[in-house]
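# Per-entry structural report
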There are 4 protein chains.
Amino acid sequence: MADPVPGAADPAARAATAADSGIVLVDCPDEVGLIHRITGVLFARRLNIENNQEFVDTAARHFFFRAEVAAGVAGPAAAAGLVEDLNAVLPAGARVRVTRGGVRPIVIMGSLEPHCLGELLLLAASGDLPCTIRAVVGNHDRLRGLTERFGVPFHHVAAPAAGADDAARLAHEAILERAIMPHAPDYLVLARYMRVLSAGFVDRWAGRIVNIHHSFLPAFAGAAPYRQAFVRGVKLIGATAHFVTRDLDEGPIIAQDVIPVDHGFTPERMARAGRDVEKLVLARAVRLLLEERVFVHGRRTIVFA
Amino acid sequence: MADPVPGAADPAARAATAADSGIVLVDCPDEVGLIHRITGVLFARRLNIENNQEFVDTAARHFFFRAEVAAGVAGPAAAAGLVEDLNAVLPAGARVRVTRGGVRPIVIMGSLEPHCLGELLLLAASGDLPCTIRAVVGNHDRLRGLTERFGVPFHHVAAPAAGADDAARLAHEAILERAIMPHAPDYLVLARYMRVLSAGFVDRWAGRIVNIHHSFLPAFAGAAPYRQAFVRGVKLIGATAHFVTRDLDEGPIIAQDVIPVDHGFTPERMARAGRDVEKLVLARAVRLLLEERVFVHGRRTIVFA
Amino acid sequence: MADPVPGAADPAARAATAADSGIVLVDCPDEVGLIHRITGVLFARRLNIENNQEFVDTAARHFFFRAEVAAGVAGPAAAAGLVEDLNAVLPAGARVRVTRGGVRPIVIMGSLEPHCLGELLLLAASGDLPCTIRAVVGNHDRLRGLTERFGVPFHHVAAPAAGADDAARLAHEAILERAIMPHAPDYLVLARYMRVLSAGFVDRWAGRIVNIHHSFLPAFAGAAPYRQAFVRGVKLIGATAHFVTRDLDEGPIIAQDVIPVDHGFTPERMARAGRDVEKLVLARAVRLLLEERVFVHGRRTIVFA
Amino acid sequence: MADPVPGAADPAARAATAADSGIVLVDCPDEVGLIHRITGVLFARRLNIENNQEFVDTAARHFFFRAEVAAGVAGPAAAAGLVEDLNAVLPAGARVRVTRGGVRPIVIMGSLEPHCLGELLLLAASGDLPCTIRAVVGNHDRLRGLTERFGVPFHHVAAPAAGADDAARLAHEAILERAIMPHAPDYLVLARYMRVLSAGFVDRWAGRIVNIHHSFLPAFAGAAPYRQAFVRGVKLIGATAHFVTRDLDEGPIIAQDVIPVDHGFTPERMARAGRDVEKLVLARAVRLLLEERVFVHGRRTIVFA
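Predicted, not measured: the structure shown is a model, and the values here were computed from it.

## Quick word on the sheet that holds strand E4 (residues 95-100) of chain B
All names here are of chain B. The strand order E2-E3-E1-E4 describes an open sheet built from four strands, whose pairing is antiparallel. The open sheet is flanked by strand E2 (49-57) and E4, the only strands paired with a single partner. When the angles between neighbouring strand axes are averaged without regard to direction, this sheet yields 10°. Here E2 pairs with strand E3 (residues 62-69) via eight bridges, running antiparallel. Paired with Ile49 across the two strands is Val69, which belongs to E3. Packing of helix H3 (residues 76-89) onto the sheet brings it into contact with strand E1 (22-29) and E4, and relative to E4 it is tilted by some 155°.

Shown next, in the form of structure tokens:
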């Protein structure tokens, strides 16, 4: 890999600083006294809570909790002990995770448009997003130059033609995954990747693929959302970052934003103006995932921003 | 009618001030030289253009023009002469309108929710919206007190039960229109009016009914949009002011806006937060209509804001 | 007092519903284990936390906590016992407050402009803001009609001329306070009130007066902010709701917002467009205060929205 | 220069496409009939107006006009003839400019922060901003790597120490200008450049230097605006792109935007969140300048967006 951008904060150095800190994530059926029990476990281990947030979905009677603790969960053993202690005081069915802060590996998938990829490359290179972009995989070769400028490997995996049968599509995805796997990414980020992934692929990466769709979903799902927006004559256009599930453009939403447009916006001008909101919304969602701020609960997300 | 709110600017006085001024509206197939021809006609009549805007829909090859002129179109005769002169220099199929500035009569239709009605009553009473609210018509009696506080007549026209047949619905609308007609409104404003109007009613008021829908259309058309928004887990909720056409929630959009929400918003809390954006978007659309800033072209609007 | 607006939720009924619930507010020097201790006290009393938020100002090493508890703090005795128990586990210097949810009495002070007053009257009348507007006090008589339409008493206390001496100003304020005191308001809301209050007045109501200033402070403090904004050629105008302190326009900020403007906005047009943002920002701040979501810490506020 | 980013639209190709089109800019004292006269000149030359905007500053009685014309102003001779014809029908004191659309040369000046520079490099490389970044000049060497990745020359011109005398500062600027001049830029873009430029430098580039300041001016001019914002406890932070004049942070404003913050934002977190708004506001202003959409009139700008 090439030199990092001179003058940028060193992501590895940041990770080192935060290496002793950790994030504690709990979700479970709601009960009286949960916070008291959880903070009791943390207090017994002298873990100082720097920041914590909780939320009770009163309709679903479900409890969500996230805390950043300052020190002492550094080693895997310590983390495992903490999980065990927390499970001991929590109701059955609780999900507990303890992770260390720091830099995560991701792989980006792209097609033709450079703006979302460029945003992520710049943020990662300047230490402004806690991840290492291990590789970019494209079904076109067009984003190779931009990617390699940042010293990131680029894999071109040509996709089969639009009318290809399922076997051809699955074969294509098998090659994709062979390109991805050695990089062991925590997340796959679809940065205006223009192919639909198979149910099998999506299931293997469940909860770990984020996509940016260039509309305020659920409006204008599917193809050519700016053209749809133009035809309908809306006065706002937007972008939606969401988890990828089997149902196209139906996954849980992580972040959304919009910008105003007027009658003077052709679909092309919408597309140009929309790039800014697309790249910012995707980067926001990726940051939330990397910082472990997102719970999925059914079709909805709990986001501790 | 009761006294206007003391201390508010007097809408009639404002109208008087602007009475000699006028608005010139043109739309026609596009050609080279249209602005030169139109401004030539205005110049020949010594009409000073205070403000003008034009737009060419290049795909549809259609031209839209709006000008505010300072003086000299005061009488109906002068206006008619101006229309004639403009038509003489414009291509076949041109639509030309000349209107005087000033206060317009409107009727508001409401059901149960007071916030949109209250906003319009306050704005009109303080001279901040160039209209006279001649009456409020409700299919419930609930908004009578609020309406009458502002000295505005309230007509309660009880609607037939939900499962009523077409004859009952049309009979209901006939009573509605009998209540409305004596007030001779330029526009009907549906301020969270909860009934669907018949095709016949809509056709008779074509281009003159504005509705507020409590979602960013086309997302969440139809019933209970906040509940739909909650179920889908969106991160923005919005409101849309649109012309009412035969197709429910499909009319040309005049104004839209959104506000952020998060996982902590139940449908009820969305409804409360959404009231502010609903009332502002509706008031914005009504102002645009009253100031003759909106052209309809197919399913889209040209808004010279 | 006149009838409430028919069809509106009844504020008293809402208060009754919430009467058994309460809000627990704590701020104190930060220490390890505070949340555990506080939740322990609540748990021991079987108080179910429906919602809680905490914040540590790490620079100032100060801790802030707010919880809504479902039941059991209804009576003053219960509340007093809870405060005592909490103080027993908290560090020296802790401030603990336990309040019951419900409707609070406020008094509004106004001058000439009706939009902020109208917004608050509508919200309170429709049960959409948990307060009773006990009275409106004006240094002009202009807002009497609007106020009395909502069945709220209006007191006109004519102010001395601009060049009046201190004795005249203090005499004026004494009359003001005599008009206010019988209404026993929790908060005084300055809804575009155009007089500067004396240090003595401000001190007597410390932390209980909220003002709306029509700029994004600290830009354009003082007189004629829209004219200042026009002269400077800014592209955004805004409004700021803040506590009133001895230093004009320098009190801790509770809420702010802005809207875009362009070169076409004269100071007059800014003023008209700004009314919407002024009224919404003031109403937002008043709601935050009524719901006990605001801590003041030096010149800054902690707002648990 | 290195290859452009593969897959990006070719800026030179775009320029070629637009080479025959042009932009006509007029500002002059206001009179009746100006639009008619200007459009008459354009019509006589068979120049089709694709888009035009005008504005009258009624207080200053000054007229501003911008039109995009489709073809026929390609050569310098044609442009000169058009200017002459327009001047012949316009009042004394009119300023008329005719420019060809297309790609403009710019030079960027930077110091330490990469986000604004990175945004402009990405946009220019993908053909998304109609300019060629001819060079980047830095008073530190830190942004060299980022710049050279995009095949753009980087010049490091070390600045004298903070306490240096005027002679040293002027000598430094002389070296700066020697680095800049061979690139013949239309505009100098200060992308978080941290030095104050001398009056002489500013005068030589009058109307051609744009700066991004990291606050919503006029609030928090000068040093450390995020720290100032933190201390004052504002609920919005922003960025302002403005022309550089002799008075620091006082030049005419081109674009501004803000984002919400709360009590949880330290100055450091404000700085991180603010980067997005800084880079977008600067890029928006640079685009407006490149597309000839900005008139300066005293301390204010007219922006035909």
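## A look at the relation of the copies chain B and chain A
When chain B is fitted to chain A, the residual RMSD is 0.0 Å, and the transformation amounts to a turn of 180° plus an axial shift of 0.0 Å. Both chain copies can therefore be described as sitting about a two-fold axis. When C-alpha distances to the rotation axis are compared across chain B, the minimum falls at Ala219(B), with a value of 2.3 Å. A shared interface surface links the copies, since 100% of the contact residues of chain B are contact residues in chain A too.

## A few points about the interface of chain D and chain B
If you look at the interface, chain D gives eleven residues, while chain B gives eleven residues. Across the interface of chain D and chain B, roughly 1,200 Å² is buried in total on both sides, 62% from carbon and sulfur atoms. Its largest share of buried area at the contact with chain B, chain D owes to Val32(D), His36(D) and Phe43(D), together 41% of the area lost on that side. Joining chain D to chain B, the criterion identifies zero salt bridges. Run the count over chain D and chain B and you get seven residue pairs in polar contact (both at pLDDT 80 or more). At the level of secondary structure, the elements contributing two or more residues to the side of chain D that touches chain B comprise helix H2 (34-44) and strand E2 (49-57) of chain D. Sorting elements by how many residues they give to the side of chain D that touches chain B places H2(D) first, with five residues.

## Thoughts on the packing of helix H4 (residues 115-125) of chain A against helix H4 (residues 115-125) of chain D
One can describe the packing of H4(A) onto H4(D) by two numbers: an axis separation of 11 Å at closest approach and a directional angle of 150°. Accordingly, the angle class assigned to the pair H4(A) and H4(D) is roughly antiparallel. Remark: the crossing between H4(A) and H4(D) carries right-handed chirality. In this structure, H4(A) contributes Gly118(A), Glu119(A) and Leu122(A) to the contact, and H4(D) contributes Gly118(D), Glu119(D) and Leu122(D). Its residues assigned to classes, the contact of H4(A) with H4(D) comprises two nonpolar, two polar and two charged.

## Concerning the pairing of strand E5 (residues 104-110) of chain C
All names here are of chain C. Burial runs high along E5: seven of the seven residues are buried. Taking every second residue as pointing to the same face, both faces of E5 are buried, with Arg104, Ile106, Ile108 and Gly110 on one and Pro105, Val107 and Met109 on the other. Note that E5 and strand E6 (residues 131-138) share seven bridges and pair parallel. Looking at the pairing, Ile106 lines up with Ile133 of E6. One ladder, built from four bridges, connects E5 with strand E8 (residues 187-190); its direction is parallel. By the bridge assignment, Met109 is partnered in E8 with Leu190.

## Describing the interface of chain B and chain A
Between chain B and chain A, the residue contacts involve 32 residues of the former and 32 residues of the latter. With both sides pooled, the region where chain B packs onto chain A buries about 2,800 Å², and carbon together with sulfur makes up 59% of that total. When the buried area of chain B at its contact with chain A is split by residue, Arg232(B), His263(B) and Arg300(B) rank highest and sum to 30% of it. On inspection of chain B and its partner chain A, the count reaches zero salt bridges. The tally of links between chain B and chain A comes to 14 residue pairs in polar contact (both at pLDDT 80 or more). The element that contributes the greatest number of residues to the side of chain B that touches chain A is strand E11 (residues 253-260) of chain B, accounting for six residues. Broken down by class, the residue content of the side of chain B that touches chain A amounts to 19 nonpolar, six polar and seven charged.

## Structural notes on the side chain of His36(C)
Along the polypeptide, His36(C) turns up in helix H2 (residues 34-44). Polar contacts involving the side chain of His36(C) include one to the side chain of Thr39(A), which spans 3.1 Å. Among the polar contacts listed, one links the side chain of His36(C) to the backbone nitrogen of Gly40(A), at a separation of 3.1 Å. Setting aside its immediate chain neighbours within four residues, His36(C) contacts His36(A), Thr39(A), Gly40(A) and Phe43(A).

## Thoughts on the relation of the copies chain D and chain B
Rotating chain D by 180° and translating it 0.0 Å along the rotation axis places it on chain B, where the RMSD comes to 0.0 Å. When the interface residues of chain D are mapped onto chain B, 100% of them are again interface residues, pointing to one common binding face.

## A closer look at unusual backbone geometry
The linkage connecting Leu217(C) with the following residue, Pro218(C), adopts the cis geometry, with an omega of 10°. Although it is not a glycine, Glu292(A) sits at a positive phi angle of roughly 60°. Within the element layout of this structure, Glu292(A) appears in the loop between helix H9 (267-290) and strand E12 (294-297). Judged by relative accessible area, which is 5%, Glu292(A) ranks as buried.

## As for helix H6 (residues 166-180) of chain B
Taking 1.5 Å of rise per residue, the 15 residues of H6(B) would be expected to cover 21 Å, and the 21 Å separating its terminal C-alpha atoms lies within 8% of that figure. The inward-facing, buried residues of H6(B) abut strand E5 (104-110), strand E6 (131-138), strand E7 (154-156), strand E8 (187-190) and helix H7 (199-204) of chain B.

## Observations regarding the domain arrangement of chain A
Residue and element names in this part refer to chain A. What the domain assignment lists for chain A is domain 1 (22-100) and domain 2 (104-303). For domain 1 versus domain 2, the separation of C-alpha centres amounts to 31 Å. At the junction of the two partners, domain 1 supplies 16 residues and domain 2 supplies eight residues. Each partner contributes to the roughly 940 Å² buried at the junction of domain 1 and domain 2, and carbon and sulfur atoms together form 53% of this total. It is Leu25, Phe64 and Arg66 in domain 1 that bury the most area against domain 2; as a group they hold 42% of the surface buried on that side. With a closest N to O distance of 2.8 Å, Arg97 and Glu292 form a salt bridge. In this structure, the connection of domain 1 to domain 2 is made through four residue pairs in polar contact (both at pLDDT 80 or more). The set of elements that each furnish at least two residues to the side of domain 1 that touches domain 2 consists of strand E1 (22-29), strand E2 (49-57), strand E3 (62-69) and strand E4 (95-100). Examining the composition of the side of domain 1 that touches domain 2, we find that five residues originate from one element, E3, more than from any other. Grouping the amino acids of the side of domain 1 that touches domain 2 by side-chain chemistry returns seven nonpolar, three polar and six charged.

Reading guide: rules and limits
- Residues numbered from 1 in each chain as written.
- Chains lettered and ligands numbered in written order.
- Predicted model: local features only at pLDDT ≥ 70, side-chain atom pairs only at ≥ 80, totals over all residues.
- Heavy atoms only, no water.
- Pairing = 2+ DSSP bridges.
- Helix = DSSP H or I, 4+ residues; strand = E, 2+ residues; numbered from the N terminus.
- Axes fitted to C-alpha atoms, helices over the stretch in contact; angles between N-to-C directions.
- Contact = heavy atoms within 4.5 Å.
- Least-squares fit on C-alpha atoms with pLDDT ≥ 70 in both.
- Buried area = accessible area lost by both parts, 1.4 Å probe.
- Salt bridge = Lys/Arg side-chain N within 4 Å of Asp/Glu carboxyl O.
- Polar contact = N/O pair within 3.5 Å; in protein donor to acceptor, adjacent residues only side chain to side chain.
- Parallel < 35°, antiparallel > 145°, perpendicular 65-115°, else oblique.
- Left-handed = near helix turned anticlockwise from the far one by under 90°.
- Nonpolar A, V, L, I, M, F, W, Y, C, P; charged D, E, K, R; others polar.
- Buried < 20%, exposed > 50% of the residue type's maximum accessible area, 1.4 Å probe, protein only.
- Expected span 1.5 Å × (residues − 1).
- Domains from an automatic or database assignment.

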